[in-house]
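Fold and contact review
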Amino acid sequence: MVKAAPAEVRPGALRRHGMSNDETYIRRALELAERATAGTNPNPLVGAVIVRDGEIVGEGYHGGPGRPHAEIEAILDAGERASGATLYVNLEPCCHYGRTPPCTEAIIDAGISRVVFSMYDPFGEVRGKGAGALRSRGIDVTVGPCAYDALELNLPYVHRIVSGSPFIVLKLAATLDGRITMDGRKHITGLESRRRVHVLRSRLEAIAVGKGTIDLDDPVLDRRLLDPGLPPPVRMIFDSGLSFPHDHAWLTQGDPVIIYCGEGASPERRELLSGAGADVVTLPGKDGLVNLHDWVEDVGRRGFSSVLVEGGVAIATSMMLGGIIDRLVLFVAPVVAGAGGESWYRDPGLPVWLEDGELAPTRVEVIEGDVMVVYDRFHVRSYLGAVTEEGELVHRSR
Ligand SMILES: NC(=O)c1ccc[n+]([C@@H]2O[C@H](COP(=O)([O-])OP(=O)(O)OC[C@H]3O[C@@H](n4cnc5c(N)ncnc54)[C@H](OP(=O)(O)O)[C@@H]3O)[C@@H](O)[C@H]2O)c1
């Protein structure tokens, strides 16, 4: 049955009154799933809990490609106590040989008698087959608790599988009067909002930024507020003139950097930056600027499942006009910048798709004095409004 809730609901708003045991343990699995601070791309975030006689006897989460799946970690943690127990996991257990053997076999071998998972895996080789493999061996399977929250957690994964395209998120930190720059102040929002941005940086696979922001701010674009030891994300730079310094710390440290430029860029600069370790990508476009639809295609071709775009003004405006953003995450601080700041939208006299209802708010949260508003495009709202109580994703396209 498709949930009757509208697409514009808050995560968690679909919960029934009170929390069943199943929901309690699935919530714990969701918490564990989020522990993969460096992300698990292109794999989903998955956590698992094993419960026997009302006691948690095993826990685990997936750490990324090639690492054991959450179910396996939890089974290893539980040892013999897994026999006769219930396994809780936020995504359908896999039943195919990928980089690791099928979880369904390990679950059967461990003697688990019941499996509860939040949502079916939209990946064709698993969808419904994981549950079928378990049921065929007499394991009791329940699907659906916290399906909405499980879907929200793995939206980039779901979007890539359903659409074949990477999930593009634009993050902006703005003043109450809509400025994303402010004289004399490096950070507009508070520490907790910035920590949330670092969480986004860990969930999404790459960070994209305009060359103007690098010139003005020289941002670090890492995940240090989660853990200073985390590896740097892939940084993508829009730089039509290829003026990014070839001796920039990202290059001298050997961090992965992809620079996007238009066809007219200087061959000498291209050679210099490539020699310094950057991946320089030329794409078609007007006036030396890359066409953003071609950029999204290139990002997908390179196997990225998601990108967090962190501005600045020119990039935010082109992305808004190009209509290529799947989600906008806007942090608004309780401060007014006035003439000392610039709006995130460098008005070229054209309306953007916010006006025609294409981008609508799905979530509002107060974060220590700041407000975070999440806006989703129609197709993303349609996934969120289409997850059923039985954990099925009934996606409608417009
Ligand atoms: N509050 C926030 O959330 C936030 C986030 C980021 C930045 N900011 C602020 O934004 C300001 C910077 O904005 P900005 O407009 O100057 O710079 P920007 O948007 O970061 O970068 C603009 C530059 O990117 C290149 N570019 C833009 N579109 C391109 C395309 N389609 N293809 C290839 N290259 C492209 C162009 O380089 P060329 O010049 O070589 O043509 C352009 O000059 C800073 O003050 C920064 O603090 C705020």
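Anything mentioned here points back to the structure above.
The structure reproduced in this document is the subject of the present report. (Residues numbered from 1 in each chain as written. Predicted model: local features only at pLDDT ≥ 70, side-chain atom pairs only at ≥ 80, totals over all residues.)

On to the overall build of the chain, then. Helices and strands together make up the secondary structure of the chain, namely 13 helices and 14 strands. Every one of the 398 residues in the chain was classed for burial, and the buried ones make up 44%. Look at the contacts in the chain between residues 6 or more apart in sequence, and 69% of them connect residues 24 or more apart. (Helix = DSSP H or I, 4+ residues; strand = E, 2+ residues; numbered from the N terminus. Buried ≥ 20, exposed ≤ 12 C-beta atoms within 10 Å, placed from the backbone. Contact = placed C-beta atoms within 7 Å.)

With that settled, consider the site of the ligand. Looking at the ligand, there are 28 residues lining it, with Gly210, Gly212, Thr213, Gly311 and Gly312 nearest. Counting only elements with at least two residues in the shell around the ligand, the list comes to strand 6 (167-174), strand 7 (206-210), helix 8 (211-217) and helix 12 (313-322). Top contributing element to the shell around the ligand by residue count: helix 8, with 5 residues. (Near = placed C-beta within 6 Å.)

For the rest of this paragraph, the subject is helix 1 (residues 21-33). For helix 1, spanning 13 residues, the distance from its first C-alpha to its last is 18 Å, which sits close to the expected 18 Å at 1.5 Å a residue. The elements touched by buried residues of helix 1 are strand 1 (47-52), strand 2 (55-61), helix 2 (70-78), strand 3 (86-91), strand 4 (114-119) and helix 5 (147-153). (Expected span 1.5 Å × (residues − 1).)

Take the sheet that holds strand 3 next. One open sheet holds the 5 strands; their spatial order is 2-1-3-4-5, and the pairing between them is mixed. Looking at the sheet topology across the chains shown, the edges are occupied by strand 2 and strand 5 (140-143). Strand-to-strand twist across the sheet, computed as the mean angle between neighbouring axes with direction ignored, equals 15 degrees. The sheet contact formed by strand 1 and strand 3 spans 4 bridges and is antiparallel. Each bridged residue has a counterpart across the sheet, and for Val49 the counterpart in strand 3 is Tyr88. (Pairing = 2+ DSSP bridges. Axes fitted to C-alpha atoms, helices over the stretch in contact; angles between N-to-C directions.)

On to unusual backbone geometry, then. Omega for the bond connecting Asn41 with Pro42 falls within 30 degrees of zero, at 0 degrees, which places this linkage in the cis form. Residue position: Pro42 is located in the loop between helix 1 and strand 1. Following Gly311, the chain continues into Gly312 via a peptide bond in cis, with omega recorded as 5 degrees. Inspection of the secondary structure assignment puts Gly312 in the loop between strand 11 (306-309) and helix 12. For Asp53, which is not glycine, the phi dihedral falls at a positive 50 degrees.

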